Amino acid sequence: MSLVGKKAPVFKAKAVVNGGEFVDGFSLEQYVGKKYVVFFFYPKDFTFVCPTELHAFQEKLAEFEKRNVAVVACSTDTEQSHWGWLQVEKAHGGIKGITYPIVADTTKTITSNYDAMFGDYDVSEDGHLIADGPMIAFRALYLIDKEGKVRHQLVNDLPLGRNVDEAIRMVDALQFNEENGEVCPANWVKGSEGMKESHKGVAEYLAKH
């Protein structure tokens with residue numbers, strides 16, 4: 001299910017912020033009307049591809065912030081697990097130094113509502129709850145505009161790490177469209193020309209390129 005063009009699902013949950021502070025009732029609603037949001041899911045704490053992604057977002061955090069973008073992570077682990085991982089040095093496979101919020105989706109409802117869950121629950125013939133997958137998040141990412149609407153969605157399978165520069169490029173593309181009213185052609189990057197959304201516009205662009 002694509003959430004693009006729809007209101008981002010609302011939630012309130014526990015989270016760890018500023019590298020180790022617990023908060024209750026964390027919500028993306030705090031950013032509506034104020035900031036864009038890159039909200040990304042990762043499968044598990046204390047795993048392998050995940051810390052490379054979390055550190056990659058941290059390394060580019062200043063780039064997101066200067067674009068007025070809040071970066072928020074989420075997994076189905078507990079807030080205590082997030083906190084514990086935040087105490088482990090990067091050189092030992094930990095995520096110490098991560099400062100953006102990490103949401104604890106312990107009920108798995110946030111992951112489910114964003115359609116990022118690897119697996120589904122069902123009930124067996126004898127009435128037992130069963131699952132056909134590990135019930136953890138895929139590597140899903142959502143770019144949410146200042147009105148709270150999802151404008152970009154990406155979902156990777158577990159072995160496939162994301163490109164943080166591509167997330168920044170999509171922020172740039174969205175903001176370019178909002179500011180100039182032009183659309184972004186294939187392989188557009190910040191600083192290159194856009195295209196008028198018309199037959200004449202595409203003809204002029206293709207003639208140049």
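Note that the structure is predicted; figures quoted are calculated from it, not measured.

**Student:** Describe the environment of Leu-54, with residues and values.
**Tutor:** Mapped onto the secondary structure, Leu-54 falls in helix 1 (residues 49–59). Overall, the relative accessible area of 0% leaves Leu-54 in the buried class. With 105 residues separating them along the chain, Leu-54 and Pro-159 place their C-alpha atoms 15 Å apart. Look past the residues within four positions of Leu-54 in its chain and what remains in contact with it is Phe-40, Tyr-42, Ala-73, Trp-85, Ile-95, Ile-98 and Tyr-100.

**Student:** Can you lay out the pattern of salt bridges for me, pointing to particular residues and giving the numbers?
**Tutor:** This structure, assessed with the given rule, holds 16 salt bridges. One salt bridge connects Lys-200 with Glu-204, and the closest N-O pair in it is separated by 4.0 Å. Residue Lys-200 and its partner Glu-204 are both found in helix 6 (residues 199–208); the two are separated by four residues, about one turn of the helix. Residue classification places Lys-200 among the exposed positions, given a relative accessible area of 60%. The class for Glu-204 is partly exposed, based on a relative accessible area of 41%. Salt bridges linked by common partners bring Glu-63, Lys-66, Arg-67 and Asp-172 together as one network.

**Student:** Account for a negative patch on the surface, naming residues and giving values.
**Tutor:** Taken together, Asp-115, Asp-120, Asp-122 and Asp-132 make up a surface patch of like negative charges. Assignment of secondary structure puts Asp-132 in the loop between strand 8 (129–131) and strand 9 (136–137).

**Student:** Talk me through the sheet that holds strand 2 (residues 21–26); I want residue IDs and the actual numbers.
**Tutor:** Read across the open sheet, the seven strands follow the order 2-1-5-4-3-10-11; overall the sheet is mixed. The two strands at the open ends of the sheet, each matched to only one other strand, are strand 2 and strand 11 (150–156). On average, adjacent strands in this sheet sit at an angle of 25° to one another, irrespective of strand direction. By the bridge criterion, four bridges tie strand 1 (residues 13–17) to strand 2 in an arrangement that is antiparallel. For Ala-15, the partnering residue across the bridge sits in strand 2 and is Val-23. Across the sheet, helix 1 touches strand 3 (36–41), strand 4 (69–75) and strand 10 (139–144), and the angle it forms with strand 10 is around 20°.

Parameters at a glance
- Residues numbered from 1 in each chain as written.
- Predicted model: local features only at pLDDT ≥ 70, side-chain atom pairs only at ≥ 80, totals over all residues.
- Heavy atoms only, no water.
- Helix = DSSP H or I, 4+ residues; strand = E, 2+ residues; numbered from the N terminus.
- Buried < 20%, exposed > 50% of the residue type's maximum accessible area, 1.4 Å probe, protein only.
- Contact = heavy atoms within 4.5 Å.
- Salt bridge = Lys/Arg side-chain N within 4 Å of Asp/Glu carboxyl O.
- Patch = residues over 30% accessible without salt bridge, like charges linked within 9 Å, V, L, I, M, F, W, Y side chains within 5 Å.
- Areas by Shrake-Rupley, 256 points an atom, 1.4 Å probe, with all protein chains shown as cover.
- Lys, Arg positive; Asp, Glu negative; His and termini not counted.
- Charge placed at Lys NZ, Arg CZ, Asp CG, Glu CD.
- Pairing = 2+ DSSP bridges.
- Axes fitted to C-alpha atoms, helices over the stretch in contact; angles between N-to-C directions.

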